[in-house]
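Fold and geometry: a report
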Amino acid sequence: MARYLALRVLQAIWVLWAAFSISFVVLYLLPADPVSIAADGGAAGTPVDKAAIAELQARYGLDRPLWDQYWTALANAVRGDLGLSIATGQPVTEAISDAVPSTLGLASLALLFATIGGVALAFAATYARRPWLRNLLAALPPLGVAVPTFWTGLLLLQLFSFQWRLAPAFGGQGLRGTVLPALTLAVPIGAVIAQVLAAGLESTWRQPFTEVALAKGASRWWVQRRHVARLASVPAFTIAGVLVGNLLAGSVVVETVFARTGVGRLTQISVLAQDIPVVQGIVLLTALVFVVVNLAVDLLYPLLDPRITVRGTRSGDATTEAEDIVEEVLVRG
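Cut-offs used in this document
Throughout this description, residue numbers start from 1 for each chain and increase along the sequence as written. It should be noted that, the model being predicted, local features are given only for residues of pLDDT at least 70 and side-chain atom pairs only at 80 or more, the latter also being counted only at that level, while totals for whole chains, interfaces and linings use all residues. With hydrogens and water stripped out, all remaining heavy atoms of the structure feed into the side-chain values. UniProt positions are given in the numbering used here, feature names are shortened, and annotations may be inferred rather than shown by experiment. Put simply, DSSP marks the helices as runs of H or I at least four residues long and the strands as runs of E at least two long, and each gets a number from the N terminus on. For every residue, the accessible area obtained with a 1.4 Å probe (protein chains only) is divided by the maximum for its type, and the residue is called buried under 20%, exposed over 50%, and partly exposed between those limits. In what follows, a contact means two residues having at least one pair of non-hydrogen atoms within 4.5 Å. Residue exposure ignores everything except the shown protein chains as possible cover, and the areas themselves are Shrake-Rupley values with a 1.4 Å probe. What a helix should span is 1.5 Å times the count of its residues minus one. In this scheme, the bend at a residue equals the angle between the axes fitted to the seven residues that finish there and the seven that begin there. In this description, a line fitted to the C-alpha atoms serves as the axis of each element, helices being fitted only across the stretch in contact, and the angle between N-to-C directions of two axes falls anywhere from 0 to 180 degrees. Rotating anticlockwise by less than a right angle from the far helix to the near helix defines a left-handed crossing, while the corresponding clockwise rotation defines a right-handed one. Points on a 1 Å grid, built from protein atoms alone, make a cavity when a 1.4 Å probe fits but cannot get out and make a pocket when they are open with protein on both sides within 12 Å along at least 5 of 7 lines; residues with an atom within 4 Å of a point are the lining residues. Grid points are joined across faces, edges and corners, and a volume is the space filled by probe spheres set on the points. Gly falls in the polar group here, along with every residue not listed as nonpolar (Ala, Val, Leu, Ile, Met, Phe, Trp, Tyr, Cys, Pro) or charged (Asp, Glu, Lys, Arg). Domain extents, as shown, originate in an automatic or database domain assignment. Each nonpolar core is a collection of buried residues, namely Ala, Val, Leu, Ile, Met, Phe, Trp, Tyr and Cys, held together in the definition by side-chain atoms within 4.5 Å.

Within an unreviewed UniProt entry, the label attached to the chain reads Peptide/nickel transport system permease protein, and the organism entered is Nocardia amikacinitolerans. Quoted verbatim from the Sequence similarities (unreviewed entry) heading of the UniProt record, the comment on the chain is "Belongs to the binding-protein-dependent transport system permease family." Under the Subcellular location (unreviewed entry) heading, UniProt states for the chain: "Cell membrane".

Here is the structure:
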């Protein structure tokens with residue numbers, strides 16, 4: 001376990017370095033000058049004193065060679081110093097820290113909605129006896145993935161804010177102001193979870209041990225809840241870990257539609273202003289969340305499937321597990 005954790009920490013460091021390096025190169029290769037954008041306040045065509053631009057470039061180190069800027073920025077990032085925002089002069093860590101709580105609350109509630117909705121839809125689609133109902137429920141996840149997030153947000157705004165007036169339209173705070181943005185963010189995430197989990201449930205139901213359990217008198221719901229769900233949840237658990245990173249990406253659209261402050265809104269403003277330090281800080285934050293969540297998912301795998309070890313290998317095969325489950329069913333019978 002210690003060796004596995006050490007290797008994963010090294011992988012996480014490599015991912016963070018790669019994210020920092022790639023974002024640095026891409027951002028500094030952009031044709032526009034972030035200092036000029038900050039100096040003229042975003043007003044295109046406004047004349048700006050060249051001496052003032054040169055002073056700002058020197059203040060942020062943008063007048064030095066690219067490789068020198070890279071090593072300086074990397075060394076500062078290792079110490080936790082992400083520099084100053086070119087647009088506002090605020091420390092990047094402070095700007096991100098101010099935006100994280102709002103986005104964290106939004107993402108947590110969206111993940112809760114997505115998990116509950118996705119699991120319930122997958123269970124209903126596989127548990128339904130009537131073919132037409134099963135096909136109808138199975139068609140909902142692809143629809144949820146295909147519908148654009150901004151369209152979902154606008155539809156929820158039209159219904160729940162403008163017509164029924166149940167929730168604030170823009171800039172809402174607290175639980176009442178977070179429900180609609182969280183639902184908007186949860187729809188595509190929950191649809192993917194439902195799609196993957198439903199496929200896993202259908203595949204597991206075709207295993208021989210389910211027929212044995214049903215033949216011994218166990219109810220269909222008991223078999224699905226006690227055995228089928230545990231085995232089928234591993235792929236959905238994996239994709240859920242990957243989708244957590246997408247919550248931050250989706251927050252850009254959601255926080256823009258609902259005029260909320262947060263990491264997504266900060267990302268939009270920083271990209272438009274080409275505020276390189278802030279964008280790099282957000283990229284590092286996203287990469288850090290991704291590696292931490294996926295490490296947690298890897299460590300929780302053995303709880304769902306005992307065949308999975310920390311080395312990523314299996315201690316048995318599907319036949320062995322099926323035999324163990326059949327034995328347990330016979331004992332219970």
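Our next topic: the overall build of the chain. Of regular secondary structure, the chain possesses 13 helices and 0 strands. For the chain, the N- to C-terminal ordering of α and β elements is α-α-α-α-α-α-α-α-α-α-α-α-α. Considering the chain as a whole, with its 333 residues, one finds that 38% of them fall into the buried category. Across the chain, contacts joining residues at least 24 apart in sequence account for 72% of those joining residues at least 6 apart. Accessible surface, the chain: about 17,900 Å² in total, of which carbon and sulfur atoms supply 67%.

An α-helix turns once per 3.6 residues; consequently, residues spaced three or four apart project the same way. Its 36 residues give helix H5 (residues 92–127) an end-to-end C-alpha distance of 50 Å, which sits within 8% of 52 Å, the value for a rise of 1.5 Å per residue. The sharpest bend along H5 reaches about 35 degrees and sits at Val 100, with the proline Pro 101 one to four residues further on.

With that out of the way, let us pick up the packing of helix H1 (residues 2–28) against helix H4 (residues 66–78). As a packed pair, H1 and H4 sit with axes 11 Å apart at the nearest point and diverge in direction by 140 degrees. Handedness of the H1/H4 crossing: right-handed. Contact with H1, carried on its side by Trp 17, Phe 20, Ser 21, Phe 24 and Tyr 28, involves Leu 66, Gln 69, Tyr 70, Ala 73, Leu 74 and Ala 77 of H4 and no other residues of that element.

This next bit is on the layout of surface pockets. Counted as a void, the largest pocket has a volume near 430 Å³. Lining the largest pocket are 23 residues, with Tyr 60, Ala 73, Asn 76, Leu 82 and Gly 83 sitting closest to its centre. Those elements that place two or more of their residues in the lining of the largest pocket are H1, H4 and helix H12 (276–304). Across the lining of the largest pocket, the residue classes tally to 13 nonpolar, 7 polar and 3 charged. Inspection of the lining of the largest pocket shows a minimum of three residues originating in each of domain 1 (1–79) and domain 2 (92–306).

Bringing the nonpolar core into the picture now. Ranked by size, the top nonpolar core spans 22 residues in total, and within it Ala 110, Leu 185, Ile 189, Leu 247 and Phe 258 carry the most contacts. Contributing elements (two or more residues each) for this core: H5, helix H7 (149–163), helix H8 (174–205) and helix H10 (220–257). Of the residues forming this core, the biggest block, 7 residues, is contributed by H8. When residues no more than four places from it in sequence are discounted, the contact partners of Leu 247 are Ala 107, Ala 110, Leu 111, Leu 185 and Ile 189. Judged by nonpolar contacts, the second largest core, of 13 residues, contains Leu 201, Val 228, Ala 229 and Ala 232.

With that out of the way, let us pick up the UniProt feature "transmembrane region" (unreviewed entry) in the chain. The UniProt feature table records "transmembrane region" (unreviewed entry) at residues 12–30, 104–124, 136–160, 180–201, 234–258 and 278–304. For residues 12–30, helix accounts for 89% and strand for 0%, while the C-alpha atoms at its two ends are 27 Å apart. Annotated as 92% helix and 0% strand, the span residues 136–160 places its first and last C-alpha atoms 25 Å apart.

Here the focus is the side chain of Gln 280. Looking at the secondary structure, you find Gln 280 in helix H12. Take Gln 280: its relative accessible area is 6%, and that puts it in the buried class. Those residues in contact with Gln 280, other than ones at most four positions away along the chain, are Phe 20, Ser 23, Phe 24 and Leu 27.

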